[in-house]
Amino acid sequence: MSDRVIIFDTTLRDGEQSPGASMNTAEKLRLATQLEKLGVDVIEAGFPAASEGDFEAVSQISKKIINCEVAGLCRTSRNDIDRAWNAISHAAKPRIHTFIATSDIHMKYKLKMDREEVIRATIEAVTYAKSLTESVEFSAEDGSRSDRDFLCRVFEAAISSGATTVNLPDTVGYAIPPEFSDLVRYVRKNTSNIHQAILSVHCHNDLGLATANTLAAIDAGARQAEVTINGIGERAGNTSLEEVVMAIKTRPNFFPMHTNIESTLIHSISRLVSMITGIIVQPNKAIVGANAFAHEAGIHQDGVLKNPMTYEIMQPETIGLSSNKLILGKHSGRHALKSHLKDMGYELSDEELNLVFTKFKELADKKKHVHDEDLEALVTEGILRTADIFCLEYLHVSSGTTVRPIASVKILISGRSTEGTAYGNGPIDAAFNAIAKLTGTESDLLRFSVSALTGGTDAQGEVTVRLREDSLIALGKGADSDIITASAKAYINGLNRLEYLKKNPFQASEVL
Ligand SMILES: [Zn+2]
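Definitions and limits used
Residues numbered from 1 in each chain as written. Predicted model: local features only at pLDDT ≥ 70, side-chain atom pairs only at ≥ 80, totals over all residues. Heavy atoms only, no water. Helix = DSSP H or I, 4+ residues; strand = E, 2+ residues; numbered from the N terminus. Rg over C-alpha atoms; globule rule 2.2 N^0.38 Å. Buried < 20%, exposed > 50% of the residue type's maximum accessible area, 1.4 Å probe, protein only. Contact = heavy atoms within 4.5 Å. Areas by Shrake-Rupley, 256 points an atom, 1.4 Å probe, with all protein chains shown as cover. Core = buried A, V, L, I, M, F, W, Y, C linked by side-chain atoms within 4.5 Å. Pairing = 2+ DSSP bridges. Axes fitted to C-alpha atoms, helices over the stretch in contact; angles between N-to-C directions. Left-handed = near helix turned anticlockwise from the far one by under 90°. Nonpolar A, V, L, I, M, F, W, Y, C, P; charged D, E, K, R; others polar. Patch = residues over 30% accessible without salt bridge, like charges linked within 9 Å, V, L, I, M, F, W, Y side chains within 5 Å. Salt bridge = Lys/Arg side-chain N within 4 Å of Asp/Glu carboxyl O. Parallel < 35°, antiparallel > 145°, perpendicular 65-115°, else oblique. Expected span 1.5 Å × (residues − 1). Polar contact = N/O pair within 3.5 Å; in protein donor to acceptor, adjacent residues only side chain to side chain.

Novice: Hey, could you run me through the overall build of the protein chain in this one?
Specialist: Looking only at helices and strands, the protein chain features 16 helices and 14 strands. For the protein chain, whose C-alpha radius of gyration is 24 Å, the value lies close to the compact-globule estimate of 24 Å for 512 residues. Taken over the C-alpha atoms alone, the protein chain extends approximately 80 × 60 × 40 Å along its principal axes. In the protein chain, which comprises 512 residues, the proportion classed as buried is 57%. If you take every contact in the protein chain between residues at least 6 apart in sequence, the share linking residues at least 24 apart comes to 67%. Within the structure as shown, the protein chain displays about 21600 Å² of accessible surface, and the carbon and sulfur contribution to it stands at 51%.

Following this line, the structure appears as structure tokens:
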């Protein structure tokens, strides 16, 4: 059996199904480029039949990505498969990923199909997909709750129709590790042609077991793991890429296998996903949480100083964290910035670099040391916001202990400049009132949070807002050394995301 585990990243598809995590096409392209550098084998770029926006994003990613397979998800209908194929056919290495539910409960209530009909749909879909492209993946949705023997029959039919990968999802996050590895062994033993395909797993984290189930399945012979960065995804999320990759890397005696992931890029891509989606990583999250390598107890600190291996099973450098990283300041030039960004995994065009360099100089004037976290914020803010409708031009706030807070704001709305003032209970409230008045938004502010990107009183503040308009919820983020400006940027970012959501409603009802 192969000693390589194929990493199938679905941050752009299942990850995007996290509530409020929708990304625009520019953001998706940026993330896909980073995933390619990270070394994932397959990028699931979206569900092309779900919406025009999804189709467009998958199509653009297909044109750009060279080293990874680009997968488009589709149900078993010919129309869905055609949409997926039209979107991915430009790709250097296209993959059609088709799925149908195989559990009794899904077949009876959702599909209203019996077992024989599901087998027929599988054969027809895989045969048709195979006529379009070589690499075809078939998923048995709700596989972990399906009848075992029926599951083997469906996989057998998919493989004889040409599927090169068969995927066993724990769609609802119900499996327990020993039970799931047992199911993987059963499928491998009882599907006669299983050696002609790669067996994959796709787990959800409803019981906090997604990584454990995925690793148990790999131990039992699965050779593809479907994962997302930071474990984002439907409900409680998907299996986290960094946890699976680092478990295999850290425990080679237990897992005599490898992945193609360049682990030193894990930290930067985790930050990128967090910035783009607005979903903050919990501090105690394994591998990528802010505290994952922080030793608080004195006895631990003492041990780590004497020999890191006393309490550290992984070196922070292996995921791209470095204690002695180069810190840039106001005298750093364009070339230093460019090469530093390259080390961090960002290869920018000259035009993009100019934009970031200007913002970097502005920041370095306000702040002595510019850290990697600051640069990431500049890159994600500066580069990924190209299609914005609202753009903050100018903000002036006056507040203090003796004045009523008032804000003057100038905003570009689709290129047209408009300005106004408003009072508020505090400076941020005043700024938000002025922005709301100018944009005419009907959204409600559900949540507002501020955190510091780095230490020190000159640290940049990072603000996250959560907005709701009718049934749509959007997150907005902004960073600045002035927290009132950061707040205004976050609010405007959230309003832009709401506009984007209004144009790209997610129509798919299936969750895989
Ligand atoms: Zn899923």
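Novice: What's the story with the nonpolar core in this structure? I'm lost.
Specialist: Core analysis: the biggest nonpolar cluster contains 106 residues, and L38 and L341 have the highest contact counts within it. At eight residues, helix α6 (residues 148–160) tops the list of elements feeding residues into this core. Apart from residues lying up to four places away in sequence, L341 is in contact with Y346, L348, L353, V356, L375 and V379. Counting residues in each nonpolar core, the second largest holds 24 residues, with V465, A474, Y491 and I492 among its members.

Novice: I keep staring at the pairing of strand β8 (residues 224–227) and nothing clicks. Help me out?
Specialist: Regular strands have side chains that alternate between both faces of the sheet. Residues Q224 and E226 point to one face of β8 and A225 and V227 to the other, with burial holding for every one of them. Where strand β1 (residues 6–9) lies against β8, four bridges are found, and the strand directions are parallel. Its bridge partner being in β8, I7 is matched across the sheet by A225. Here three bridges tie strand β7 (residues 198–203) to β8, and the two strands are oriented parallel to one another. Each residue of the ladder has a partner; that of V201, found in β8, is A225.

Novice: Any chance you could explain the packing of helix α1 (residues 25–38) against helix α2 (residues 52–64) here in plain terms?
Specialist: The description of two helices packed together rests on the angle between their axes and the distance between the axes. Running from N to C, α1 and α2 cross one another at 35°; their axes reach a closest spacing of 10 Å. For the crossing formed where α1 meets α2, the hand is right-handed. Where α1 abuts α2, its residues T25, K28, L29, A32 and T33 lie against G53, D54, A57, Q60, I61 and K64. Taken together, the residues that form the contact of α1 with α2 break down as four nonpolar, four polar and three charged.

Novice: Sorry if this is basic, but what is going on with a nonpolar patch on the surface here?
Specialist: The grouping of L445, F448, V450 and I483 at the surface amounts to a nonpolar patch, some 310 Å² of accessible area in total. Among the elements that make up the nonpolar patch, the one with the highest residue count is strand β12 (residues 444–452) (three residues). Relative to the helices and strands, F448 is located in strand β12.

Novice: Got a minute to help me understand the packing of α2 against helix α3 (residues 78–88) in this structure?
Specialist: For the pair α2 and α3, interaxial distance at closest approach is 7 Å and the crossing angle is 40°. With respect to α3, the element α2 is oriented oblique. Along its contact with α2, which presents E52, F55, V58, S59 and S62, the element α3 presents R83, N86, A87 and I88. A per-class count over the contact of α2 with α3 returns four nonpolar, three polar and two charged.

Novice: What am I meant to see in the environment of D350 here?
Specialist: The topology assignment puts D350 in helix α13 (residues 350–366). In the structure, D350 is positioned twelve residues away from K338 in sequence and 9.5 Å away in space, judged by C-alpha atoms.

Novice: Can you help me understand the environment of A71 in this one?
Specialist: Assignment of secondary structure puts A71 in strand β3 (residues 69–74). For A71 and R13, which are 58 residues apart along the polypeptide, the C-alpha to C-alpha distance reads 9.8 Å. Non-local contacts of A71, meaning those with residues more than four positions away in its chain, are made with F8, V42, I43, E44, A45, G46, I88 and R95.

Novice: Sorry, what's going on with helix α5 (residues 115–132) here?
Specialist: Because the α-helix completes a turn every 3.6 residues, residues three or four places apart line up on one side. Over its 18 residues, α5 runs 26 Å from end to end, which matches the ideal 26 Å to within 8%, given 1.5 Å per residue. Of the positions making up α5, those classed as buried are V118, I119, A121, T122, A125, V126, Y128 and A129. Contact partners of the buried residues in α5: α3, β4 (94–101), α4 (104–111), β5 (136–141) and α6. Capping of α5 at its N-terminal end is provided by D114; its side-chain oxygen lies 3.2 Å from the backbone amide nitrogen of E116.

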